Amino acid sequence: MAATITPAQAPTLAGIAHARQYTVTAPDGLRLAVQEAGNPDGPAIVFVHGLLGSHLSWAAQLASPALQRYRLITYDLRGHGLSGKPADAAAYADGRRWADDLAAVIAASGARRPLVVGWSLGAAVTTNYLAAYGDAEIAGAVYVGGVIELDPAQIVPHPRVYRDMVSPDLKTHLDAEREFIGLCFARQPDAATFQRLLANAALASPDMQAAVQSMTVEAAKGLGAARKPMLLIYGARDALVQAAPSLDRARQLNPRIRSTVYAASGHAPFLEEAERFNQDLAAFAASVSPR
């Protein structure tokens, strides 16, 4: 697997940890924007955001005192944020491409056995990584509001929203994205945070939004074969992913997983109950991360 860092921004692995922002090239040539915070010498946590997000989705984790001992690595998924946005539908429908991106970030960052945290679509990306690469190079995984499979039994139906998100009419498209962001929360965030998340969504590639709805997810091969510790966190009031059927399916594939449900949260427990989430994440990371 080829993975490179822009030399001018990160000439050495020691420099990477302190550079805070750099570019990784995925095997298919796509450039991925990567960012770092926290302790550059600490155990690594790699955060994988969800649909229409970016690294800014994880602001509450990057600022958390409970997580500052860790090397906190974020990146923008293909078609999102500051990363490349190919027009080819296959660049998004092929789940292996997303897996390769995560592998490239882990390899190029030099992170040693990081804990991977995937939100929503980011959980499916993590599953595809596990299917393609196994779990030898990671310490474990946390799924947050995780998409286990793109199965109607596990996804709350919003046919109009998903249809309008790929509308060629700009107003229809943007209004649907605003509605989608609203559906991420049982308890809406403050206005500034919501507007920032909405701006994230507006940056996302329309080609990606059309193609990702048919992205391949190798759940049985990835989640089912994983042996490293896994924690699944859902919000009981999730309006996008069906928590109970998703957990049932995940346990069917992998009875070893641990899980918890936040009663007051929707699709984004890491923002809606950020302090609790950060404490839970810190405790799980301490139990699995290399010393």
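Note: the structure precedes this text.
Keep in mind it's a predicted model, so treat the numbers as computed, not measured. (Residues numbered from 1 in each chain as written. Predicted model: local features only at pLDDT ≥ 70, side-chain atom pairs only at ≥ 80, totals over all residues. Heavy atoms only, no water.)

Asks: Tell me about unusual backbone geometry, and please be specific about residues and values.
Replies: Positive phi, close to 70°, is recorded for Leu-52, a residue that is not glycine. Relative to the helices and strands, Leu-52 resides in the loop between strand E4 (44–48) and helix H2 (59–62). (Helix = DSSP H or I, 4+ residues; strand = E, 2+ residues; numbered from the N terminus.)

Asks: An account of the packing of aromatic side chains is requested, with residue identities and associated values reported.
Replies: The geometry of an aromatic ring pair is captured by the separation of the ring centres together with the interplanar angle, meaning the angle of the planes. Following the criterion strictly, the structure yields seven aromatic pairs and no others. With centroids separated by 6.1 Å and ring planes inclined at 65°, the aromatic side chains of Tyr-162 and Phe-180 adopt a geometry described as edge-to-face. In this pair, Tyr-162 is assigned in helix H6 (residues 159–165) and Phe-180 in helix H7 (residues 170–183), connecting sequence segments 18 residues apart. We note that Tyr-162, like Phe-180, is buried. Put simply, the rings of Phe-47, Trp-58, Trp-119, Phe-270 and Phe-277 touch in pairs and so form one group of aromatic residues. The ring of Tyr-262 is capped by Arg-276, whose NZ or CZ atom sits 3.7 Å from the centre of that ring. (Phe/Tyr/Trp six-rings, centres within 6.5 Å; stacked < 30°, edge-to-face > 60°. Buried < 20%, exposed > 50% of the residue type's maximum accessible area, 1.4 Å probe, protein only. Lys NZ or Arg CZ within 6 Å of the ring centre and 35° of its normal.)

Asks: Please provide a residue-by-residue account of the pairing of strand E3 (residues 31–38), values included.
Replies: Taking burial as the measure, the eight residues of E3 include seven buried ones, the bulk of the element. Pairing between strand E2 (residues 21–25) and E3: five bridges, direction antiparallel. Bridged to Thr-23 within E3 is Ala-33. Following E2, the chain reverses through five residues before pairing antiparallel with E3; Gly-29 in that reversal takes a positive phi of roughly 95°. Where E3 lies against strand E5 (residues 71–75), five bridges are found, and the strand directions are antiparallel. The partner of Glu-36 across the bridge, within E5, is Ile-73. (Pairing = 2+ DSSP bridges.)

Asks: Now, about the pairing of E4: what can you tell me, with residues and values included?
Replies: Of all five residues in E4, five are buried; the element is thus mostly enclosed. Judged by which residues are buried, E4 turns out to be covered on both faces: Ala-44, Val-46 and Val-48 on one side and Ile-45 and Phe-47 on the other are all buried. Relative to E5, E4 runs parallel, the two being bridged by five bridges. Bridge pairing in E5 links Val-46 to Ile-73.

Asks: Could you give me a rundown of the nonpolar core, with the residues and numbers involved?
Replies: If you look at the biggest cluster of nonpolar residues, it comprises 92 residues, and the most contacted ones within it are Val-117 and Phe-180. Here this core gets eight residues from one element, more than from any other, and that element is helix H4 (residues 95–109). Beyond its immediate chain neighbours, meaning those up to four positions away, Phe-180 contacts Leu-51, Leu-52, Val-161, Tyr-162, Met-165 and Leu-240. (Core = buried A, V, L, I, M, F, W, Y, C linked by side-chain atoms within 4.5 Å. Contact = heavy atoms within 4.5 Å.)

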